[in-house]
Amino acid sequence: MKPLSAPASPKTATRPPAAPAPDGGPIDKDPAAERPTSGERLASLVQRQGVLAVLVLVVVVSSFVYPSFATVDNARGVTVQAAFPAVVALGMTLVIITGGIDLSVGSVFALGGVLAAWASQWGLLPALLLPLAVCGAIGALNGLLIARAGMAPFIVTLASLLAARGLLLAITDEGATTYLVPKESAFADLGQGSVWGFGYPILIALVLFGLGGLVLQRTSFGQTLFAVGGSADAATLMGLPVARAKVLVYLFSGLLAGLAGAINAARLSSGVTIIGVGMELDAISAVVIGGTLLIGGAGSVSGTLWGVLLLAVIQNLINQIGSLNSSYQSVVSGGFLIVVVVAQRYLARSRRTT
Amino acid sequence: MAPPEAAAPATAGPEPATAPAVLEARGVSKRFPGVVALDDVSFTLRAGETHALVGENGAGKSTLIKVLTGVHRPDSGELLLAGRQMHFARPFEAQQAGISTIYQEVNLVPLMSVARNIFLGREPTSRLGLIDFARMHREAAGLLAGFGVRVDPRRPLHTLGVGTQQMVALARAVSVEARVVVMDEPTSSLEPREVETLFRVIGDLRRQNIAVLYVSHRMDELYRICDRVTVLRDGRHIHTGDLADIDRMQLVSMMLGREVTEVRRHGVTAFGDEGHDVARTPVLTATGLTRRHQLDAVGLELHAGEVLGLGGLLGSGRSETAKALAGALALDAGEITVAGRPMRRTTSARAIRAGISLLPEDRKAEGIVPGLSVRENIVLAAMPRLSRAGIVSRRRQDRIVDIFMKRLRIKASSPEQQVGELSGGNQQKVLLARWLCLEPKVLLLDEPTRGIDVGAKAEVQALIDELAQEGLAVLLISSDIEELVEGSDRIVVLRGGAVAGELTGDQVGESTLLQVLADHAPPAAADAADAVPGPGTEAAPHIPAGAPAGKEDPR
Amino acid sequence: MTTQATVAPGRALSRLPGPAWFQEYGVYAAVAALLVFNAAFTEHFLTVDNLRTQLVQVAPVVIVALGMALVIGTEGVDLSVGSTMALAAALLPLYLGYGLVPALLVAVLAGAVVGAVNGTLVSVVGLQPIVATLALFVGGRGLALVVADGQLKQIANPDLLALGTGSFLGIPLVVLIAGALALAVAFLVHRTTFGRQVVAIGGNRPAAALAGLPVKRVLTGVYVLCGVFAALAGVLATARLTASDPSSLGNLMELSAITAVVVGGTPLSGGSVRVLGTVAGALLMQLLRATLVKHDLPDSTAQMAQAAIILAAVYVARERRSR
């Protein structure tokens, strides 16, 4: 036992802290905390509108350089071409905003086309409902395996890429049969008809993008998607239905890919079996180039639309130049991807407040 | 004001209270693989009170909070909200029932705007069912203005300071129809001005008869705003009562599980009696270690052959200091010198090369590689030295492993057993062996005996003693106050990320340590005076709750 | 009666068949079962010719999967392997004029560069592996097509053709190379500092960093190795096809390689690399496909079966992790 007075001995060496600084000395000051800096504003502007600026720039410059580019016919061709990847990319946007990825859309797109062409012999409604039902089921299965069983999105959707392709081959005698859409049918009209010079596919894509934007920005469900991608833990703790949101985005992605495939079949008058290979990569590229964070939590459907158009215009230009190999397209996409993804990473890092 | 009422044992049935119980836990237990996180815990939260929940690491506070907020389901026991039994399957249901929570780490979505974060999941909608952003922004701005925060609610959350983010979390928690607000260390990242705002908000909540469960390690705050306190330790309920009835010394004693009486300097632990031969010149010197919100100009010296204890309550910056010394935590400022040579841009690899080894606090997350064998876990850091041209030499490895398995008495079926299958004590010994086989000059031990059985604990303690005798400089961090006092030649006490005092020679004793731990602001001048307590084994009378507590701690 | 072997002292080798058992030994059991089934019910299956064909076909997958196993061991994934194969295949004919060795070196160097880009994005920039390797997954094949001008090129170089068709002691060279690489990777993983560091980093990255391991260097190295292996596989596949076909070579290879690794019992969560399991995983998928084809089941069925097996393997591994 030691008497407690011991500490009073002259050896006492209680040292005061070096600097009291209770009211936040230099370490706690963050004067920029409440107001965005100009750099921050610029970063956010580039993130949101960068792709649109690039798109406008590319269109304006190439209109001067290639007279054949700035024609109504060419514009119509580019937009119709872009309508289908755009619808697929719309679904992909929702998936990526939740922090996931859907690699199955290319196969599902092809499967939707084949199913629609096959069912079109019974009329418009079956031709739309059958692909939607099957592709929606594939999407929902993806979602359930990812959200409920906790499996990695890329591996689940890679597997369903394979499965959907397998299903497609199974119903086409291993790709030997190509179902044709009856001429002059209402279904064929859906892909080929137009109002005021705009093909139905373009109008459908625009309507879907409008709806998608509304859902994403103006509904509680849309907000939940951002929250799930931004921080799934926080979203759970805030009591948001995280698992349901995940299942739904994969369902939507499957539905949209199937619908795009169906309308594409109507436009081509047949269920082409070898279509859609690598489409998932184009869709992801467009989404990311459009400013959606590949890690989730931020993005917009309008950006995706501009991203799809930008890629379509570049493809068109490569074709215009003629001497260029069409595979420059994916080189450009890949280049864009690296730049955008690395830039996003550094923006995110500079943003971190703690 | 809280009803002045004697502390009732929480295990008793419904207690007579002037204010009705709004939330009650009865005999709640929760087990995780290998740990009993909560063991038959009961406590009551009354309407309109601010109730402190305190305890050291592993006491079960966060588990209890998670049970109350629906994150975990209890294994047994029941929850009653306003007298009705509740079963929360997920956080959403707890929130629906009126229990909202502010977490220590801001649990909001950084990329979304302030207003969206506040209203996530219950956005105001227009007649068309679409979100009415104008109204949302207006309401958000109004809510925040009530907290003295003026920010554009359209700004993304991540562009705000952490303190402001915490205020947004508070706004979210309060804006739901909450009956209970749980606050888990809400002030850990707040500026003093923001703390005042928070306290004002808590005052408002009290007037609205909303109960607040307040978790904090800052004595000043507890005594300033809380009516009652519940102490947990090792997953068990220790005490519930009016805060005015117990002083700081008693409270800290309960948290640490120590009586407020001096114990023998040497006896219970396995540390040797004699002090160590301490070298004159320090082998490691650190000055002005500073990291925003975590460390504030921490300085210390370590000499060869001594065990320097690093004391402090949870959140005082002990682990951060150790990590900074080991190059595993980036510093905003500060200098570290090893054997006279300054270390620049420290990384773990450089610190290890300089002879500093850190046994991290979290054995599972930062220590063992569970899928690898005992042998491989031991040689992990020393692998390059035990290899020739990049090819592993089993013979050299086996020799080292054999030496250390014998010396530390590691109980494994063979060196090839997976380390994940060992007991906690043996895992810890494996980690010690990993560092010892590097022959370090400085050994930083962060909670080396936590969660390991008594036998292994004694062995580890004896080993620490032995190592110091062999001339190693040891830094010992321990929440076990007995271990700290008996094992250390000298103790530096941290509080709020800064050095609050140092005990040398005969001062190294439990009661002096408790005094410094429990002490309050103002830190600079008073520390020197207060660390020299008056006589008597009972705690010196401290300023009772409710009295003006002066300034906040620096952190 | 079987006794409960749950608390067996020491290493519980005799666990009851559960998810853990399946992850550990399921792949060997499945390979054995398929062989037995085919021996009994498939004509001309257990013939030297057929087995030789199967092995030659599986060799490139094995080589890519070995690199992938290393990457997955660090809790990563490399989606760009198929594109890397195509790139190597496209570069090969351009330099064959200088002889086989320079052309081979160029192809392998291209793989190393792809791997270095991936590895840097993962370890230095800190991107998620999927995100980091996506760019070259998208762009790599395009680059290959640009290099090859989008054309399929016949290979006439006798040395390269010999690599694809030749054999030594009756065993095809391609198979020998794959086997040698498997042994080399097994040695790398089990006996070298680098290999053990790979496993430790995958098992517990914070712990490895605190122990002073060169985390960034090891991660980059792993992706470089994966790229080199993919390039080698591209060269061998080209040699066997007797043509450089960058537009289709290596399509869905990332899937086959990941499947082989996962079915072989290496968890996607990192921390272990099962080399033999990976080889067996690749063999299993090959035998499965061959069995289905021999029994006149169409390719579509094989694809769907493959998808089901991948999902089952990942699901089992997930069970194991949450143990």
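Residues numbered from 1 in each chain as written. Chains lettered and ligands numbered in written order. Predicted model: local features only at pLDDT ≥ 70, side-chain atom pairs only at ≥ 80, totals over all residues.

Peer 1: Whenever I open this one, the domain arrangement of chain B confuses me. Can you help?
Peer 2: It is common to report an interface's size as the accessible area lost on association of the parts. Split by domain assignment, chain B resolves into domain 1 (1–98 + 177–261), domain 2 (109–170), domain 3 (276–355 + 440–451 + 467–530 + 544–555) and domain 4 (365–439). With centres defined by C-alpha atoms, the gap from domain 2 of chain B to domain 4 of chain B works out at 52 Å. (Domains from an automatic or database assignment.)

Peer 1: Would you mind showing me how to read the sheet that holds strand S8 (residues 211–215) of chain B here?
Peer 2: Two modes of strand pairing occur in sheets, parallel and antiparallel, and in both the strands are linked by backbone hydrogen bonds. All names here are of chain B. The strand order S6-S7-S8-S3-S9-S10 describes an open sheet built from 6 strands, whose pairing is mixed. Two strands close off the open sheet at either side, each with one partner strand: strand S6 (99–102) and strand S10 (236–242). Each neighbouring strand pair of the sheet contributes to a mean axis angle of 20°, computed without reference to strand direction. With 5 bridges joining them, strand S7 (residues 180–184) and S8 adopt parallel strand pairing. Looking across to S8, one finds that Val 182 is bridged to Leu 213. Each of strand S3 (50–54), strand S9 (228–233) and S10 touches helix H8 (residues 248–256); the most contacted strand, S9, lies at about 30° to it. (Pairing = 2+ DSSP bridges. Helix = DSSP H or I, 4+ residues; strand = E, 2+ residues; numbered from the N terminus. Axes fitted to C-alpha atoms, helices over the stretch in contact; angles between N-to-C directions. Contact = placed C-beta atoms within 7 Å.)

Peer 1: Looking at this structure, how should I read the sheet that holds strand S2 (residues 35–46) of chain B?
Peer 2: Residues and elements named next belong to chain B. Strand order across the open sheet formed by 4 strands is S2-S1-S4-S5, with antiparallel pairing between neighbours. Each edge of the open sheet is held by one strand with a lone partner, namely S2 and strand S5 (84–86). Strand after strand, the sheet turns through a mean of 25° between neighbouring axes, direction not considered. Where strand S1 (residues 21–32) and strand S4 (residues 76–81) come together, 5 bridges link them in antiparallel fashion.

Peer 1: Quick question: what am I supposed to make of helix H13 (residues 394–407) of chain B here?
Peer 2: Along an α-helix, residues three or four positions apart point the same way, because every turn accommodates 3.6 residues. All names here are of chain B. Between its first and last C-alpha, H13 extends 20 Å over 14 residues, near the 20 Å set by a 1.5 Å rise per residue. Listed as buried for H13 are Gln 397, Val 401, Phe 404 and Met 405. Down the axis of H13, the smallest arc covering the buried residues is 100°, so these residues share one side. For H13, the exposed residues lying more than 90 degrees away from the buried face are Arg 395, Arg 399, Asp 402 and Lys 406. Arg 409, located one to two residues past H13, shows a positive phi value of around 50°. (Expected span 1.5 Å × (residues − 1). Buried ≥ 20, exposed ≤ 12 C-beta atoms within 10 Å, placed from the backbone. Arc of directions from axis to C-beta.)

Peer 1: Would you take a moment to explain the interface of chain B and chain C for this structure?
Peer 2: With 26 residues of chain B at the contact, the number on the chain C side is 21 residues. Going through the elements one at a time, helix H10 (348–353), helix H11 (363–367) and strand S18 (391–392) of chain B are the ones with two or more residues in the side of chain B that touches chain C. By residue class, the composition of the side of chain B that touches chain C is 16 nonpolar, 7 polar and 3 charged. (Nonpolar A, V, L, I, M, F, W, Y, C, P; charged D, E, K, R; others polar.)

Peer 1: Which parts of the structure should I look at to understand the environment of Gln208(B)?
Peer 2: Note that Gln208(B) resides in the loop between helix H6 (192–207) and S8. As a C-alpha pair, Gln208(B) and Ile225(B) span 17 residues in sequence and 16 Å in three-dimensional space.

Peer 1: Can you help me understand the confidence of the model for chain B in this one?
Peer 2: The pLDDT averaged across chain B works out to 80; a share of 86% of its residues lies at or above 70. Here residues 520–555 of chain B scores under 50 on pLDDT; set against residues more than four positions off or in separate chains, the count is 87 contacts. (pLDDT = per-residue confidence, 0-100.)

Peer 1: Which parts of the structure should I look at to understand the environment of Gly179(C)?
Peer 2: Within the secondary structure, Gly179(C) is located in helix H7 (residues 173–191). The class of Gly179(C) is partly exposed, set by 15 C-beta atoms lying within 10 Å.

Peer 1: I would appreciate a short explanation of the packing of helix H3 (residues 105–119) of chain A against helix H11 (residues 279–289) of chain A in the present structure.
Peer 2: Two measures define how a pair of helices packs: the angle their axes make with one another and the distance between the axes. Residue and element names in this part refer to chain A. Here H3 crosses H11 at 120°, and the two axes come no closer than 6 Å. Taken as axis vectors, H3 and H11 run oblique relative to one another. Between H3, through Val 105, Gly 106 and Phe 109, and H11, the contact on the second element is made entirely by Met 279, Glu 280 and Ala 283. Considering only residue class, the contact of H3 with H11 consists of 4 nonpolar, 1 polar and 1 charged. (Parallel < 35°, antiparallel > 145°, perpendicular 65-115°, else oblique.)

Peer 1: Could you clarify how one ought to interpret unusual backbone geometry in this entry?
Peer 2: When glycine is set aside, most residues are seen to have a negative phi, and most peptide bonds are trans. Residue and element names in this part refer to chain B. Although it is not a glycine, Glu 439 adopts a positive phi angle of roughly 50°. Secondary-structure assignment places Glu 439 in the loop between helix H14 (424–436) and strand S19 (442–446). Taking the C-beta count within 10 Å as the criterion, Glu 439 has 11 such neighbours and is therefore assigned exposed.

Peer 1: Looking at this model, I keep getting lost on the pairing of strand S12 (residues 295–303) of chain B. Mind explaining?
Peer 2: Successive residues of a regular strand alternate their side chains across the two faces of the sheet. Residues and elements named next belong to chain B. By the criterion of burial, S12 is predominantly enclosed, with 7 of the 9 residues buried. One ladder, built from 6 bridges, connects strand S11 (residues 282–291) with S12; its direction is antiparallel. Paired with Thr 285 across the strands is Glu 301, a residue of S12. If you look at the hairpin formed by S11 and S12, you'll find 3 residues sitting between the two strands, and His 293 has a positive phi there, around 70°.

Peer 1: What is the right way to look at the pairing of S10(B) in this model?
Peer 2: Residues and elements named next belong to chain B. Alignment of S9 against S10, held across 6 bridges, turns out to be antiparallel. What sits directly across from Val 229, in S10, is Gly 241. Turn length for the S9-S10 hairpin, with the two strands adjacent in sequence and antiparallel, is 2 residues, and the turn residue Asp 234 shows positive phi of about 50°.

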